[in-house]
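# Summary of the model geometry
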Amino acid sequence: MDDKQFDRGLAEYRKAFELDPTFFERTSQSGISAHLSSPQDRAQFSFVMARLFAASGDLDRALHFLRSAMEDGYPQIDEVYRDKELPAP
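Residues numbered from 1 in each chain as written. Predicted model: local features only at pLDDT ≥ 70, side-chain atom pairs only at ≥ 80, totals over all residues. Heavy atoms only, no water.

### Considerations on the overall build of the protein
Which entries qualify depends on this criterion: Helix and strand assignments come from DSSP, with helices taken as H or I runs of at least 4 residues and strands as E runs of at least 2, each series counted from the N terminus. Buried, partly exposed and exposed residues are distinguished by accessible area as a fraction of the type maximum, computed with a 1.4 Å probe on protein chains only: under 20%, between the cut-offs, and over 50%, respectively. Note on contacts: a residue pair qualifies if any of its non-hydrogen atoms lie within 4.5 Å across the two residues. Accessible areas in this description were obtained via Shrake-Rupley with a 1.4 Å probe; residue shielding takes into account the shown protein chains only.
The secondary structure content of the protein amounts to three helices and zero strands. In the protein, the order of α-helices and β-strands from amino to carboxyl end is α-α-α. Among the 89 residues that make up the protein, the fraction classed as buried is 33%. Taking all contacts inside the protein whose residues are at least 6 apart in sequence as the whole, residues at least 24 apart take part in 62%. Accessible surface, the protein: about 6100 Å² in total, of which carbon and sulfur atoms supply 50%.

### Details of helix H3 (residues 59–71)
Quick reminder of the rule: To estimate the expected span of a helix, count its residues, drop one, and scale the result by 1.5 Å. Directions are taken from the helix axis to each C-beta atom, and the arc is the one they span.
Between its first and last C-alpha, H3 extends 18 Å over 13 residues, near the 18 Å set by a 1.5 Å rise per residue. Within H3, burial applies to Ala62, Phe65, Leu66, Ser68 and Ala69. In an axial view of H3, the angular spread of the buried residues amounts to 160°, which keeps them on one side of the axis. Every exposed residue of H3 that faces more than 90 degrees away from the buried side is listed here: Asp60, Met70 and Glu71. Where H3 is buried, its residues meet helix H2 (39–55). Directly after H3, the chain includes Gly73, whose backbone phi takes a positive value near 85°.

### Points about the environment of Gln76
In this structure, Gln76 sits in the segment after H3. With relative accessibility at 35%, the residue Gln76 sits in the partly exposed group. Along the sequence, Gln76 and Phe47 sit 29 residues apart, while their C-alpha atoms lie 9.4 Å from each other.

### Topic: the confidence of the model for the protein
Cut-off, in case you're wondering: The predictor reports its confidence for every residue as pLDDT, a score running from 0 up to 100.
Per-residue confidence for the protein gives a mean pLDDT of 77, with 79% of residues at or over 70. Here helix H1 (residues 6–19) is the element of the protein with the lowest mean pLDDT, 80, and H3 is the one with the highest, 90.

### Considering the nonpolar core
The nonpolar side chains of a soluble globular protein tend to be buried, and buried together. In plain terms, the rule: The criterion is simple. A nonpolar core is a set of buried Ala, Val, Leu, Ile, Met, Phe, Trp, Tyr and Cys residues joined through side-chain atoms within 4.5 Å.
Of all hydrophobic cores here, the largest spans 20 residues; its most connected members are Phe47, Met49, Phe53, Leu66 and Leu86. Of all the secondary-structure elements, those providing two or more residues to this core are H1, H2 and H3. At nine residues, the largest contribution of residues to this core is made by H2.

### Observations regarding the packing of H1 against H2
The criterion, for reference: In this description, a line fitted to the C-alpha atoms serves as the axis of each element, helices being fitted only across the stretch in contact, and the angle between N-to-C directions of two axes falls anywhere from 0 to 180 degrees. For classification purposes, an angle smaller than 35 degrees is called roughly parallel, one larger than 145 roughly antiparallel, one from 65 to 115 roughly perpendicular, and anything else oblique. In this scheme the handedness of a crossing depends on how the near helix is turned from the far one: anticlockwise by less than a right angle means left-handed, clockwise means right-handed.
Taken N-terminus to C-terminus, the directions of H1 and H2 make an angle of 40°; their axes are 10 Å apart at the nearest point. In this view, H1 runs oblique relative to H2, as classed from their interaxial angle. Where H1 crosses over H2, the two elements pack in a sense that is right-handed. Contact residues: H1 offers Phe6, Leu10, Tyr13, Arg14 and Phe17, while H2 offers Asp41, Gln44, Phe45, Val48, Met49, Arg51, Leu52, Phe53 and Ala55.

Shown next as structure tokens:
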């Protein structure tokens with residue numbers, strides 16, 4: 001994700017999530033591991049995370065990340081209606 005390789009990052013996060021579904025619930029004592037400098041990068045990251053959680057059936061988290069993507073100005077938010085991993089509205 002730091003290198004803006006969001007599809008590859010999604011694949012890696014998906015793998016981590018499959019191995020341990022509580023992966024995203026942990027906190028780190030050493031700080032933040034993803035450094036997303038711009039609102040556009042944060043918006044892209046949020047959209048990727050929404051897809052991950054929607055695919056796993058966690059619609060509450062998916063909606064949380066979709067809201068974050070919208071708030072940070074994700075430019076292709078209409079992809080929600082075409083993305084196979086996201087639930088139909």
